[in-house]
Amino acid sequence: MQLQQDHIVRLETRPPNIEGKGQVTTRDLVRNALRMRPERIIVGECRGPEALDMLQAMNTGHAGSMTTLHANSPRDAQARLETMVMMAGMELPMKAMRQQISSAVDLIIQANRLQGGPRKVTSIVEVMNMEQDIIIMQDIFKFKQLGLDQNGRAFGQFEATGVRPSFMQRLEASGVKLPTNLFQERVLLRD
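The rules behind the values
- Residues numbered from 1 in each chain as written.
- Predicted model: local features only at pLDDT ≥ 70, side-chain atom pairs only at ≥ 80, totals over all residues.
- Heavy atoms only, no water.
- Core = buried A, V, L, I, M, F, W, Y, C linked by side-chain atoms within 4.5 Å.
- Buried < 20%, exposed > 50% of the residue type's maximum accessible area, 1.4 Å probe, protein only.
- Helix = DSSP H or I, 4+ residues; strand = E, 2+ residues; numbered from the N terminus.
- Contact = heavy atoms within 4.5 Å.
- Phe/Tyr/Trp six-rings, centres within 6.5 Å; stacked < 30°, edge-to-face > 60°.
- Pairing = 2+ DSSP bridges.
- Arc of directions from axis to C-beta.

Caption draft 1: Spatial organisation of the nonpolar core. Ranked by size, the top nonpolar core spans 26 residues in total, and within it Leu 55, Ile 101 and Val 105 carry the most contacts. Put simply, the parts of the chain that give this core at least two residues each are helix H1 (26-35), helix H2 (50-58), helix H3 (74-86), helix H4 (94-104), strand S4 (119-131) and strand S5 (134-148). Looking at which element gives the most residues to this core, the answer is H2, with 6 residues. Leu 55 has contacts with Leu 81, Val 85, Gln 100, Ile 101, Ala 104 and Val 105, leaving out every residue within four places of it along the chain. Ranked by size, the runner-up nonpolar core spans 10 residues in total, among them Ile 124, Ile 140, Phe 141 and Ala 160.

Caption draft 2: Local environment of the packing of aromatic side chains. Under the defined criterion, the tally for this structure stands at 2 aromatic pairs. Taking the centre distance of 5.8 Å and the plane angle of 20 degrees together, the rings of Phe 141 and Phe 158 count as stacked. In this pair, Phe 141 is assigned in strand S5 and Phe 158 in strand S6 (residues 154-160), connecting sequence segments 17 residues apart. Phe 158 matches Phe 141 in its accessibility class, with the two residues each being buried.

Caption draft 3: Here's a closer look at the pairing of strand S3 (residues 107-113). Pairing of S3 with S4, which is carried by 7 bridges, proceeds in the antiparallel orientation. Across the sheet, the residue bridging to Arg 113 is Arg 119, located in S4. In sequence, S3 turns back onto S4 through a hairpin of 5 residues, with Gly 116 there showing a positive phi of about 90 degrees.

Caption draft 4: Quick look at H1. Every buried residue of H1 is accounted for by Arg 27, Leu 29, Val 30 and Ala 33. Seen along its axis, H1 keeps its buried residues to an arc of 160 degrees; they face one direction. If you follow the buried residues of H1, they end up packed against strand S1 (42-43) and H2. A positive backbone phi angle near 55 degrees is found at Arg 37, which sits one or two residues after H1.

And the structure:
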């Protein structure tokens, strides 16, 4: 990421030296970043136990923080996040873990590489809340593939589902104004 804001600190992991010492993990970096009193934390990719520290940071006043992870769908991303939290070695009950996720995460944005090579955002899903032990999600935007061009590259259009996200009031209160018809069920972009 090429962030242009002032007061950005970049931290990088480091493998252990030949003697097996000096390793700096992503988990170490997230914990140290929290000591710097950041407004936001961005982790390039969660792959393991640092997911727990990231969730805790997102639930303790670091709204707007984000990370990436690899998964096949938004629902699979939730399951993968749960698996990574379990890797932290904490014996959290599944319900408590899911409450942490549903409280910390507002959106899951899925990107896929389509046939022929183009990488597209294919889904924007809002993480709503919990009902019993299940995290409720709703699609806001979906990519609909319409076919392949003459070079074998997938093409399509991004469509709104007609769902207005529940966090819109928070977004507007922070000064972000979106067109009122943005979420109307219709085709948004042609690719």
